Each structure stands twice: as structure tokens, then as C-alpha cells.
Amino acid sequence: MKKLLTIFTLLLTFVVVLAACGTNNNNGTTGGDTTPSEETDNLLSKVEEEGTLLIGTEGTYPPFTFHDDSGKLTGFDVEVAEAVAERLGVEAKFMETQWDAMFAGLDAKRFDMIANQVGIREDRLEKYDFSEHYITSAAVVVAHKDNEEINGFADIEGKKSAQSLTSNYADLAREYGAVIEGVDGFNQAIELLNSKRVDVTINDKLSVLDFQKNRPNAAIKIVEEHENAAQSGFMFRKGNEELVEAVNAALAEIIEDGTYAEIAEKWFGEDVLN
């Protein structure tokens, strides 16, 4: 009888241990399932820890983002982005890419934000977040100086227009019935226009004026300015609200302390915020 009681006690102990192990495993599994889903990457923290803000830009779109005679990347967008990064206490590192690959680069997390005159549009806001705008400008139709047939937007139907395929200006050219000739950026568009391989390009007024200032003998002319001005901002992947808020705070700071006005005056001779 004593032996039976001993065996029963051992069996009971074994069952209790198994039950305890089962409970621990279940709790561990539950914790493992919920914790990762609750974890979110805080891009602002990553930027601050690494000390670098990765910025996508073309580098071929003067006066916003381009290389000067020394080969240095410069421009209005570049300097505004650098000032913002400085206020964040990090270094701005620019990742150059063609316009038509830029959004894909942001999606693939090659960079943290884009600084490249990206227009704030409803369709883009569905997929991306934007900072507050940092520039306002109107689109213009540019033709060869010898072209007397094109005097405005209404005249470009059926005409060849050199445009970056996914830009605001390409969309505008399509609205007016132009045939799109795809280009990598502003410089290529002007080159094609100069050599009469296209009829027009629609582009940013400030960019065209800057080009004419630096190349007064270029065979191009602005024939009409669009009535609707566009605003551009820094663009981000969705889900990085902390970084967007920090960039907005930095933008507000450089506007308040006069840094923005100095940059705008340098590149355009006037305030271009509104």
C-alpha cells in the first residue's frame, strides 16, 4: 500500500509539472505573437541615433538641386534641406537618383525623405506624407524663341513636350493634349527644346528664369504662365509622423529666424514661400 501511494504521488507531481510547462509555453507564444506587431520603427529615432538624414534628390534640376562648376551638389532645395537637418542635429546626406526612380527609392527605404520640388497633390497624399510647403511657384510653357505657333497652353495640343514622365508638369502637358517626350530632368528637356527636337516643355517658372539668367543666349522663351501656382514640400513614407513633425518644427524655426529668407534671397532675389 505504501508503494502504491508513492507511485501515485510521483504521477501527480509529474502531471502538475506538465501543466505548468504547458502554461509557460502558451504565455511565451502569446507574448511572442503580440510583441512584434506592437513594435514600430521610429524613423526619427533612427535618424537621430545614426546622426544622418538620408535625402533623395535629382542633382540635375537647377536652381533647386544641381552640381556647380566645382562639382558640388547645391541649390535651393539642397540648402533648405541642409538647414532643416542642422536644426535636427544631424547631417544631411543626399542620395542622387533620376526623378522617375525617386519615389521607388523612397518606397524601398533608400532614403528617409525627398527634397526635389515635389508638388503636394491629393493623389500623392494618399500614399505619402508631406511636410509643410517650403516654396510656391507656377508652371510655364517654354518654347523655342523662333516658334511663333505656340503662345500658350492652348496651343500645345498634339505638340511634343519634353517632360519627366511622372512629374506634375507631365500631367499638365497631358491635360492640354501634348505628346510626351520622356526625359531624365530639366537640363535634358531644355537641350531637346534648344535643338528643336521637341516643341515645348512645361516646367517651373523659377527654374526657367534661373536658367535664362545664367544662359541669356539660350534659344528659349516663356510663352505663358499657368494661373494656378503649386506648392512643394519634403515627401516621406507613410507612418513616420515623428520625423514629419520634427521636420515641420525645423522648417518653422528657419523661417522664423531668417535663415529661409537668406536662402531664398540668394537663389531667387525674393521670398518664394507664398
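Keep in mind that this is a model prediction, so the values were computed, not measured.

Q: Can you help me understand the overall build of the protein chain in this one?
A: Along the backbone of the protein chain there are ten helices and twelve strands. Of all 274 residues assigned to the protein chain, the portion counted as buried reaches 46%. Excluding contacts between residues fewer than 6 apart, the proportion of contacts in the protein chain whose partners are at least 24 apart in sequence is 69%. Carbon and sulfur atoms form 50% of the exposed surface of the protein chain, whose accessible area is close to 14600 Å².

Q: I'm lost on the packing of aromatic side chains in this one. Help?
A: Working definition: an aromatic ring pair is given by the centre-to-centre distance plus the angle between the planes. Across all of its chains, the model carries twelve aromatic pairs by this definition. Here Phe-186 and Phe-211 contribute two aromatic rings whose centre-to-centre distance is 5.9 Å and whose plane-to-plane angle is 75°, an arrangement assigned as edge-to-face. Here Phe-211 lies in helix H8 (residues 205-214) and Phe-186 lies in helix H7 (residues 186-194), a separation of 25 residues in the sequence. Taken individually, Phe-186 and Phe-211 each receive the classification buried, so the pair is uniform in this respect. Here the aromatic residues Tyr-61, Phe-64, Phe-76, Tyr-134, Phe-186, Phe-211, Phe-234, Tyr-260 and Phe-268 are joined through ring pairs into a cluster of three or more.

Q: Is there a simple way to think about the packing of helix H3 (residues 76-88) against helix H10 (residues 259-268) in this case?
A: Two measures define how a pair of helices packs: the angle their axes make with one another and the distance between the axes. Close contact between H3 and H10 brings their axes to 10 Å; oriented N to C, the two are set at 165°. By the angle between their directions, the pair H3 and H10 is classed as roughly antiparallel. Like other packed secondary-structure pairs, H3 and H10 cross with a definite hand, here right-handed. For the pair formed by H3 and H10, the contact residues are Phe-76, Glu-79, Val-80, Ala-83 and Arg-87 on the first element and Thr-259, Tyr-260, Ile-263, Ala-264, Lys-266, Trp-267 and Phe-268 on the second. Looking at the contact of H3 with H10 residue by residue, the classes come out as eight nonpolar, one polar and three charged.

Q: Is there a simple way to explain the nonpolar core in this structure?
A: One recurring pattern in soluble globular proteins: nonpolar side chains tend to sit buried together. Within the largest apolar cluster, 67 residues are counted, with the highest numbers of intra-cluster contacts made by Leu-53, Phe-76, Val-80, Ile-202, Phe-234 and Tyr-260. The greatest single-element share of this core, amounting to eight residues, is contributed by H3. Excluding its chain neighbours within four sequence positions, the residues that come into contact with Ile-202 are Ala-139, Val-140, Val-141, Phe-153, Ile-156, Ser-161, Gln-163, Tyr-169, Leu-172 and Ala-173. Among the nonpolar cores identified, the runner-up in size contains eleven residues, and Trp-99, Leu-106, Phe-111 and Tyr-128 belong to it.

Q: What is the right way to look at helix H6 (residues 168-175) in this model?
A: Helical periodicity: at 3.6 residues per turn, an α-helix aligns residues three or four positions apart in one direction. Those residues of H6 lying buried are Tyr-169, Ala-170, Leu-172 and Ala-173. Here the buried residues of H6 occupy an arc of 160° about the axis, which is enough to place them on one side. Residues of H6 that are buried in the fold lie against strand S7 (135-144), strand S8 (160-163), strand S9 (179-182), strand S10 (200-204) and strand S11 (220-232). Looking one or two residues past H6, Gly-177 carries a phi angle of roughly 85°, positive in sign.

Q: What's the story with the packing of H3 against helix H9 (residues 241-256) in this structure? I'm lost.
A: At their nearest, the axes of H3 and H9 sit 9 Å apart, and the two run at 110° to each other. In terms of axis orientation, H3 runs roughly perpendicular to H9. In contact with Val-80, Ala-83, Val-84, Arg-87 and Leu-88 of H3, H9 contributes Ala-246, Val-247, Ala-250, Leu-251, Glu-253 and Ile-254.

Q: Any chance you could explain the environment of Ala-246 here in plain terms?
A: Here Ala-246 is to be found in helix H9. Given the relative accessible area of 16%, Ala-246 is considered buried. Taking the C-alpha atoms as reference, Ala-246 lies 9.2 Å from Val-84; in sequence the two are 162 residues apart. In contact with Ala-246, not counting residues within four places along its chain, are Leu-44 and Leu-88.

Q: How should the side chain of Thr-201 be read in this particular structure?
A: Residue position: Thr-201 is located in strand S10. Among the polar contacts made by the side chain of Thr-201, one reaches the main-chain carbonyl oxygen of Ala-162 at a distance of 2.7 Å. Each residue touching Thr-201, except ones within four places of it in the same chain, is listed here: Val-140, Val-141, Val-142, Ser-161, Ala-162, Gln-163, Ala-189, Ile-190 and Leu-193.

Q: How should the pattern of salt bridges be read in this particular structure?
A: It is possible for side chains of opposite charge to pair when their charged atoms get near one another. On inspection of all chains with the given rule, the structure shows 14 salt bridges. When the shortest N-O distance is used, the salt bridge between Lys-266 and Glu-79 registers 2.5 Å. Separated by 187 residues along the polypeptide, Lys-266 in helix H10 and Glu-79 in helix H3 bring together distant segments of the chain. Judged by relative accessible area, Glu-79 falls into the buried class, the value being 18%. With a closest N to O distance of 3.3 Å, Arg-87 and Glu-253 form a salt bridge. Here Arg-87 is found in helix H3, whereas its partner Glu-253 is found in helix H9, with 166 residues between them in sequence.

Criteria and thresholds
- Residues numbered from 1 in each chain as written.
- Predicted model: local features only at pLDDT ≥ 70, side-chain atom pairs only at ≥ 80, totals over all residues.
- Heavy atoms only, no water.
- Helix = DSSP H or I, 4+ residues; strand = E, 2+ residues; numbered from the N terminus.
- Buried < 20%, exposed > 50% of the residue type's maximum accessible area, 1.4 Å probe, protein only.
- Contact = heavy atoms within 4.5 Å.
- Areas by Shrake-Rupley, 256 points an atom, 1.4 Å probe, with all protein chains shown as cover.
- Phe/Tyr/Trp six-rings, centres within 6.5 Å; stacked < 30°, edge-to-face > 60°.
- Axes fitted to C-alpha atoms, helices over the stretch in contact; angles between N-to-C directions.
- Parallel < 35°, antiparallel > 145°, perpendicular 65-115°, else oblique.
- Left-handed = near helix turned anticlockwise from the far one by under 90°.
- Nonpolar A, V, L, I, M, F, W, Y, C, P; charged D, E, K, R; others polar.
- Core = buried A, V, L, I, M, F, W, Y, C linked by side-chain atoms within 4.5 Å.
- Arc of directions from axis to C-beta.
- Polar contact = N/O pair within 3.5 Å; in protein donor to acceptor, adjacent residues only side chain to side chain.
- Salt bridge = Lys/Arg side-chain N within 4 Å of Asp/Glu carboxyl O.

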